[in-house]
Amino acid sequence: MQCDKLTYLEIEQIKFLQPDGWPDITDAFRFYCDNDYCNPIKVSLDGKIVGIGNSITFETTAWLSHIIVSNDIRNQGIGSKIVDYLQNEIKEKGIETSLLIATELGAPVYKKAGFRKISDYRYFKKENDLIEKDLSKNIQPYKDAFYKDLMELDYYVSGEHRERLLKNYLNESFIFINNNIIQGLFIPKLGEGPIYALTPDAGKELMRFKYSSVDKATLPGENKAGIEFIKEFGFIETNTIGKRMICGHDIEWKPTMIYSRIGGNFG
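This write-up is about the structure you can find in this document. Keep in mind that what you see is a predicted model, and the values were worked out from it rather than measured.

### Some points on the nonpolar core
Link 1 in the chain: Ranked by size, the top nonpolar core spans 44 residues in total, and within it Ile14, Ile52, Ile56, Leu150, Leu165 and Ile175 carry the most contacts.
Link 2 in the chain: Each residue touching Ile14, except ones within four places of it in the same chain, is listed here: Leu6, Ile25, Thr26, Phe29, Ile49 and Ile52.
Link 3 in the chain: By size, the runner-up hydrophobic cluster in this structure holds 22 residues, among which are Val43, Val83, Leu100 and Ala102.

### Digging into the side chain of Asn54
Link 1 in the chain: With respect to the helices and strands, Asn54 occurs in strand E3 (residues 48-57).
Link 2 in the chain: A relative accessible area of 0% means that Asn54 is categorised as buried.
Link 3 in the chain: At 3.1 Å, the side chain of Asn54 forms a polar contact with the backbone nitrogen of Asn39.
Link 4 in the chain: In contact with Asn54, not counting residues within four places along its chain, are Phe29, Tyr32, Cys38, Asn39, Pro40, Trp63, Leu64, Ser65 and Leu86.

### Observations concerning the sheet that holds strand E1 (residues 2-5)
Link 1 in the chain: Taking strand neighbours across the sheet as the criterion, the eight strands line up as E1-E2-E3-E4-E5-E12-E6-E11 in an open arrangement whose pairing is mixed. The open sheet has two free edges, formed respectively by E1 and strand E11 (216-220), since each of these has just one partner strand. On average, each strand axis in the sheet is tilted by 25° relative to the strand beside it, whichever way the strands run.
Link 2 in the chain: Its contacts with the sheet put helix H2 (residues 78-92) on E1, strand E2 (38-45), E3, strand E4 (62-69), strand E5 (97-102) and strand E12 (235-248), and the angle it makes with E4 is roughly 155°.
Link 3 in the chain: Against the sheet, helix H7 (residues 224-232) contacts strand E6 (116-126), E11 and E12, and its axis sits at roughly 15° relative to E6.

Rules of the game
Residues numbered from 1 in each chain as written. Predicted model: local features only at pLDDT ≥ 70, side-chain atom pairs only at ≥ 80, totals over all residues. Heavy atoms only, no water. Core = buried A, V, L, I, M, F, W, Y, C linked by side-chain atoms within 4.5 Å. Buried < 20%, exposed > 50% of the residue type's maximum accessible area, 1.4 Å probe, protein only. Contact = heavy atoms within 4.5 Å. Helix = DSSP H or I, 4+ residues; strand = E, 2+ residues; numbered from the N terminus. Polar contact = N/O pair within 3.5 Å; in protein donor to acceptor, adjacent residues only side chain to side chain. Pairing = 2+ DSSP bridges. Axes fitted to C-alpha atoms, helices over the stretch in contact; angles between N-to-C directions.

Written as structure tokens, this is what we have:
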């Protein structure tokens with residue numbers, strides 16, 4: 001049993017590992033195989049893939065994602081093997097902070113590897129269609145002139161240098177500007193459509209714009225203003241909770257300014 005790079009040609013072989021309720025994992029692994037800052041791997045046993053995982057590395061931080069083990073062969077240390085392999089490669093790159101979002105099932109594996117919980121993500125679904133699409137006059141499409149300010153906004157909110165991820169999705173994004181100051185960003189085509197906002201007004205208006213046509217929402221538990229707002233518009237909380245966990249140095253992220261996450265693989 002060993003860990004190796006997962007190739008693009010092997011992606012069809014991992015379909016059987018698809019967890020219930022998750023977005024298509026083959027789409028995620030195509031993304032990972034296409035981007036050199038990702039490291040998709042597999043664990044094989046007797047010539048069959050029995051586990052997969054991936055790491056994503058930025059300048060000073062990394063994310064572990066899509067660590068999945070076949071139901072037929074759980075509780076044999078394969079999940080821990082994947083985590084240790086990815087963590088070793090991350091540390092070899094000089095990166096001392098790793099993050100992930102854990103399910104209830106996966107959390108004990110990550111805790112054993114040295115991860116600690118720092119936040120909960122809360123999940124909502126639309127029960128009543130109460131939001132009317134109303135584009136605030138402060139919301140406008142992305143322009144290249146905004147680029148530098150948006151990179152600074154993202155770093156301020158996330159605590160991570162994620163330019164290599166964000167830059168390919170900005171052309172179809174929306175900005176909240178008030179008094180010529182950028183206060184919020186919504187990126188519809190990146191994952192679940194993240195929203196970052198420096199003020200509650202910017203966050204709420206971008207949420208109103210997004211959730212007129214989207215029926216699921218995920219926010220950090222610390223964002224009380226965002227959670228209260230989404231409930232006002234016909235969303236109810238589900239029983240699912242994602243645990244944001246970290247290993248290594250803490251980062252200066254601001255969960256109260258995250259009004260929608262990217263996804264389980266990027267926070």
